[in-house]
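The lines below spell out each chain.
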Amino acid sequence: MKTTFLTIIASATLMAQCNAAPKESAPAVEQPATAAKQTNRVAKQADASLHDSTQKTAKPAFEVQSAPNDSSLVMQHISKALKYKASIAQDIAADRQRQLLLLHIARGFCGIPYVAKTLENDSKENLVVNLRQLDCTTYVENVLAVYECVKHNRTSYADYLHFLRRIRYVDGNVNYSARQHYFTEWIEENTKDGFVREINTPNPPFNTRQTLSISFMSTHTDAYPMLKNNPEMVKPIAETERRLSGNTYMYIPKGDIKNTKLLRSAIHDGDIIAIITKKKGLDTSHIGIAVWHKDGLHMLNASQIHKKVVEEPMTLYDYMQKHPSQVGIRIVRIN
């Protein structure tokens, strides 16, 4: 499938990982002429549609990398979510309405093939739009981007691009070093933007402390084409690793992830589950969306094991017992 590129001059700000290492992606392909006309129209819409009056600094140009049908797939997800939102009974609590909407959006991606490294190019960073192939991080990012569109009634493709860019990059700045490769940084930046917040109380169940020692990317540059081919990019990545290292976070040990009233009150449907790991140099190794079944906590995720997005049939407790390197979970709530 051919890839199209959309150049967006962000002179006005637009509104607004999987089972192993941090996220990565596929090289660009030249766009066909017919798709170019479509993306040019979207470019004009994106450049003019939204203004953030609180930020005056001009953003550099960036490109959107996508296949010709990705924009229509995005709009299908937004349209379905809007219809579902309208169908939710208004007499239930607002927080439960939010949870139901998030689960509906998350389940809407089920069956999409799992493909790793869908963000990694070897020379230039692009805003990758790919709803045909997902890893665990791009799955969660797309769920959140669609949710933000529906939540704010900003439902154009340009709106989606803005939210995805803000979710994926520090200050929405599309370059490799500003991409939030480590999920701890992802949490920090998306908390600043008001999209999420980390849940770390009460104790119990959040009774164990994770102290970060981050170094994986800078010590495994051969695994990242951008770093391998552009060694000057290693320095800013290493600086991010040093900044994150030493920070501490409360988590729930995997042995405590049980079907209890306490855990059901601490973790809600639609929360982001970040599985922390004892693999050297990493903070987390996998993420997904929390969903409670009668037998306990499960996870919606882009699964390397099942090779697609699934609502995991095993409880999260059983799932994590099969992965010795996984030690517990951090919880992030979508606002």
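Here, every reference points to the structure presented above.
Residue positions are given per chain, counting from 1 as you read along its sequence in written order. For a predicted model such as this one, the threshold for reporting local features is a pLDDT of at least 70, and the threshold for listing and counting side-chain atom pairs is 80 or more; totals across whole chains, interfaces and linings nevertheless cover every residue. Side-chain descriptors were evaluated using all non-hydrogen atoms of the structure, hydrogens and water having been removed beforehand.

Novice: For the packing of helix α4 (residues 136–151) against helix α5 (residues 157–168), give the residues involved together with the corresponding values.
Specialist: The angle between the axes and the distance between the axes are what describe a pair of packed helices. All axes here are fitted lines through C-alpha atoms, helices being fitted over the stretch that makes contact, and every angle between N-to-C directions spans 0 to 180 degrees. The secondary structure listing takes helices from DSSP runs of H or I that are at least 4 residues long and strands from runs of E that are at least 2 residues long, numbered from the N terminus. With their axes 9 Å apart at the nearest point, α4 and α5 run at an angle of 130° to one another. Classed by the angle they form, the pair α4 and α5 counts as oblique. The interaxial crossing formed by α4 with α5 has right-handed handedness. In this structure, α4 contributes Thr138, Glu141, Asn142, Leu144, Ala145, Glu148 and Cys149 to the contact, and α5 contributes Asp159, Tyr160, Phe163, Leu164, Ile167 and Arg168. By definition in this entry, angles of less than 35 degrees are roughly parallel, angles greater than 145 are roughly antiparallel, angles of 65 to 115 are roughly perpendicular, and the rest are oblique. Crossing handedness is defined as follows: a turn of the near helix away from the far one that is anticlockwise and smaller than a right angle gives a left-handed crossing, while the clockwise case is right-handed. Whether two residues are in contact is decided by their heavy atoms, any of which lying within 4.5 Å being enough.

Novice: Would you mind going over the pattern of salt bridges in detail, with residue names and values included?
Specialist: What makes a salt bridge here is a side-chain nitrogen of Lys or Arg within 4 Å of a carboxyl oxygen of Asp or Glu, nothing more. Per the stated rule, a full pass over the model turns up 14 salt bridges. The residue Arg98 makes a salt bridge to Asp95 at a minimum N-O spacing of 2.6 Å. With a gap of three residues between them, Arg98 and Asp95 both fall in helix α3 (residues 94–107), about one helical turn apart. Across the pair Arg243 and Glu185 runs a salt bridge whose closest N-O atoms are separated by 3.3 Å. Linking Arg243 in helix α9 (residues 234–244) with Glu185 in helix α6 (residues 183–192), this pair joins segments that are 58 residues apart in sequence.

Novice: Tell me about the environment of His104, and please be specific about residues and values.
Specialist: Summarising the element assignment, His104 is placed in helix α3. To sort residues, take the accessible area from a 1.4 Å probe on protein chains only and compare it with the maximum for the residue type: under 20% means buried, over 50% means exposed, and anything in between is partly exposed. Residue classification places His104 among the partly exposed positions, given a relative accessible area of 29%. With 166 residues separating them in the primary sequence, His104 and Gly270 have C-alpha atoms 9.3 Å apart. Residues in contact with His104, not counting those within four places in the same chain, are Lys80, Ala81 and Tyr84.

Novice: Can you lay out unusual backbone geometry for me, pointing to particular residues and giving the numbers?
Specialist: Leave glycine aside and you will find that most residues have negative phi; peptide bonds, for their part, are mostly trans. A cis amide bond links Thr201 with the next residue in sequence, Pro202, at an omega value of 5°. Within the secondary structure, Pro202 sits in the loop between β4 (196–199) and β5 (208–211). The residue after Pro204, namely Pro205, is reached through a cis peptide bond having omega 10°. Positionally, Pro205 belongs in the loop between β4 and β5. For Asn153, which is not glycine, the phi dihedral falls at a positive 55°. Among the structural elements, Asn153 can be located in the loop between α4 and α5. Residue Asn153 is classed as exposed on the basis of its relative accessible area, which comes to 55%.

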